[in-house]
Amino acid sequence: MNLKQIVETLEAVPLHAPEGWEALEIEDVFASDLISDILVSEGDNQLLLTSLTSLQVVRTAALVGAVAIVLVHRRQTPPGMVSAAKDQDTPLFRSTLPKYEACVKLGRMQEAGA
Amino acid sequence: MSEVPQPLDDSSLRIQELAYGLKVRDVMTTKIFAVTRTCTMRDVQVIMKNNGISGVPVVDDSHVVGIISMNDIMNAFVDGYMDDAVSLHMISDVQTLSDDVPLTFAMSAFSKFSFRRFPVVNQKNALVGIITPRNINLALIRELSRQLDEMEETGEQTKSTGENKVFHRIYRLTRYDFEHAGRASAELKKQLKARGVPPKIIRRAAIASYELEINIVAHSHGGTFTVLIDNERVRITANDFGPGIPDVDSAMTEGYSTANDWIRSQGFGAGMGLPNVKRVSDEFEIQSGLEMGTMVKAIVYLTDSNGECGQNN
């Protein structure tokens with residue numbers, strides 16, 4: 001599945017969407033609110049799903065090579081997080097869906113083989 | 001004004017780095033003048049006068065049970081009890097230092113306590129030396145000039161061969177400064193990538209580095225963070241100035257955390273930090289002294305065939 005399909009499914013809004021983000025292929029999704037877990041997550045072309053609004057999430061994502069971040073269950077984003085995403089050029093989106101619902105939707109999408 | 005190089009002085013990053021490499025035993029005076037409980041205050045005064053020292057430990061079967069300072073002798077002189085046994089007037093609650101702790105712990109101890117000297121004990125708690133600010137200063141000067149010589153030599157080697165690129169950087173980390181924490185790790189990752197290190201090894205080094213950076217910011221009063229990369233390995237050293245870890249074994253246990261609610265709200269405090277570092281490192285060392293600081297050293301080999309990232313499952 002590509003990032004565009006994911007963003008549409010999660011009804012997410014872009015916070016930082018660098019050129020060509022739509023076509024980014026996502027193979028794995030990792031959902032967590034614990035930095036230590038994110039840090040040891042392994043997956044290729046991985047999307048990070050989190051409700052943490054700390055800019056450290058963005059740094060951690062870059063360290064593990066996550067290709068994009070979707071902030072879930074959030075209506076607001078701290079400015080620090082967006083500027084960190086811009087600095088690193090990591091695509092960042094925000095969805096108001098709760099994390100569980102977001103996971104279920106993505107799971108169904110994966111099953112459907114999108 | 002203190003005679004000891006202050007750990008938090010801005011200009012002393014390089015000095016601190018020198019001090020991490022030294023242990024108290026490398027620096028202490030091993031020629032010790034000590035007395036037993038039954039010696040008199042006058043005996044101590046004679047020892048001080050003959051040897052030009054200002055503090056004498058009181059020992060019982062080589063264990064430190066007290067200390068007499070110049071001040072105690074002056075009081076004895078004024079109040080007329082110079083012939084009393086030292087056991088009546090010594091300070092018996094003596095703060096000692098272990099001979100195998102980093103020199104930075106001693107520097108912290110001098111800035112925290114008002115003592116002018118610390119008796120140094122070995123693992124069996126026997127007196128093996130004395131350390132004073134003068135010992136520290138002399139050792140740092142010696143070490144500084146030794147390293148300068150070394151740097152001149154390697155500098156010439158690099159010029160002639162064009163190889164042996166060494167990346168060495170020291171970062172300062174401040175308590176709760178989550179805004180800057182993680183930058184050293186990002187830089188480390190960039191450096192390793194440029195050297196063509198396999199991604200799995202980069203991951204392991206980045207995990208160790210990041211967890212240690214966060215540890216300093218989340219748990220310590222602040223400290224320094226050093227990254228050294230050569231052709232064979234990455235060495236990451238995290239040093240802080242306290243408060244120290246009361247129980248290192250617990251801190252090394254997965255799930256054990258002392259993080260407060262605010263730190264947890266930032267996504268930290270899962271109790272996986274140090275265990276993660278240990279798991280991804282090829283060499284790991286931790287030392288901690290209450291009120292003195294914690295030193296963690298993690299080494300990741302760059303040419304290791306085992307590139308596993310050690311996911312916890």
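Structure shown above.
Source: prediction; values computed, not measured. Every residue gets a number counted from 1 within its own chain, in the order that chain's sequence is written. Written order decides the labels, with chains lettered from A and ligands numbered from 1. Given that the model is predicted, a residue must reach a pLDDT of at least 70 before its local features are reported, and side-chain atom pairs must reach 80 or more before they are shown or counted; all residues, however, enter totals for whole chains, interfaces and linings. Computation of side-chain values covers all heavy atoms of the structure but excludes hydrogens and water.

K.L.:
I keep staring at the layout of surface pockets and nothing clicks. Help me out?
P.N.:
Residue and element names in this part refer to chain B. With a 1 Å grid spanning the protein atoms alone, the term cavity applies to any set of points in which a 1.4 Å probe fits but cannot get out, the term pocket to an open set with protein on both sides within 12 Å along at least five of seven lines, and the term lining residue to any residue with an atom within 4 Å of a point. Grid points are joined across faces, edges and corners, and a volume is the space filled by probe spheres set on the points. Considered as a void within the structure, the second largest pocket measures approximately 670 Å³ in volume. The wall of the second largest pocket is formed by 38 residues, among which Asn215, His219, Ile245, Thr258 and Leu274 lie closest to the centre. Numbering of helices and strands starts at the N terminus; helices are DSSP runs of H or I of at least 4 residues and strands are runs of E of at least 2. Going through the elements one at a time, helix H8 (199-219), strand S8 (233-240), helix H11 (273-280) and strand S10 (293-301) are the ones with two or more residues in the lining of the second largest pocket. When residues of the lining of the second largest pocket are assigned to their parent elements, the largest contribution, 7 residues, is made by H8. Class assignment for the residues of the lining of the second largest pocket results in 20 nonpolar, 15 polar and 3 charged. Amino acid classes used here: Ala, Val, Leu, Ile, Met, Phe, Trp, Tyr, Cys and Pro are nonpolar; Asp, Glu, Lys and Arg are charged; the rest, including Gly, are polar.

K.L.:
Help me out: how do you make sense of the side chain of Ser36 of chain A in this one?
P.N.:
Take Ser36 of chain A: it is sitting in helix H2 (residues 35-39). Residue class for Ser36 of chain A comes out buried when judged on its relative accessible area of 7%. Each polar contact in these results corresponds to two N or O atoms within 3.5 Å; when the atoms are within protein, one needs to be able to donate a hydrogen and the other to accept it, and residues that are neighboring in sequence are counted only if both atoms are side-chain atoms. Among the polar contacts listed, one links the side chain of Ser36 of chain A to the side chain of Glu211 of chain B, at a separation of 2.8 Å. Apart from residues no more than four positions distant in its own chain, Ser36 of chain A is found in contact with Glu211, Gly267, Ala270, Met272, Gly273 and Asn276 of chain B. Three exposure classes are used, based on accessible area relative to the maximum for each residue type with a 1.4 Å probe and protein chains only: buried under 20%, partly exposed in between, and exposed over 50%. Two residues form a contact once any of their heavy atoms are found within 4.5 Å.

K.L.:
Help me understand the sheet that holds strand S4 (residues 118-121) of chain B, please; the structure alone is not making it clear to me.
P.N.:
Residues and elements named next belong to chain B. Two strands qualify as a pair provided that DSSP identifies no fewer than 2 bridges between them. One open sheet accounts for 3 strands, arranged S3-S4-S5; its pairing is mixed. Taken across any chain shown, the strands that pair with only one partner, and hence form the sheet edges, are strand S3 (97-98) and strand S5 (127-131). Two elements, S4 and S5, share 4 bridges in a ladder whose sense is antiparallel. Looking at the pairing, Val121 lines up with Leu127 of S5. Simply put, an axis is a line fit to the C-alpha atoms, just over the touching stretch for a helix, and the angle between two N-to-C directions goes from 0 to 180 degrees. Packing against the sheet, helix H5 (residues 103-112) makes contact with S3, S4 and S5, and its axis sits at approximately 60° to S5.

K.L.:
What is the right way to read the interface of chain B and chain A from this model?
P.N.:
One frequent convention defines the size of an interface as the accessible area lost when the parts assemble. Tallying the contact residues gives 27 residues for chain B and 18 residues for chain A. A buried area of about 1800 Å², summed over both sides, lies between chain B and chain A, and 54% of it is on carbon and sulfur atoms. Criterion for a salt bridge: a side-chain nitrogen of Lys or Arg within 4 Å of a carboxyl oxygen of Asp or Glu. Here chain B is connected to chain A by 0 salt bridges. Our enumeration of links across chain B and chain A arrives at 11 residue pairs in polar contact (both at pLDDT 80 or more). Of the residues forming the side of chain B that touches chain A, the biggest block, 7 residues, is contributed by H8 of chain B. For any pair of parts, buried area is found by adding up, for both, the accessible area (1.4 Å probe) each one loses once the two are put together.

K.L.:
Just to check I follow, could you spell out the nonpolar core for this structure?
P.N.:
As a rule of thumb, soluble globular proteins bury nonpolar side chains together. Residues and elements named next belong to chain B. Ranked by size, the top nonpolar core spans 60 residues in total, and within it Leu188, Leu192, Leu212, Phe225, Val227, Ile229 and Val234 carry the most contacts. Here this core takes 12 residues from H8, the largest share from any one element. Residues belong to a common nonpolar core when they are buried Ala, Val, Leu, Ile, Met, Phe, Trp, Tyr or Cys residues joined through side-chain atoms within 4.5 Å. One finds Leu103, Ala109, Phe118 and Ile136 within the second-largest nonpolar core, a separate group that totals 21 residues.

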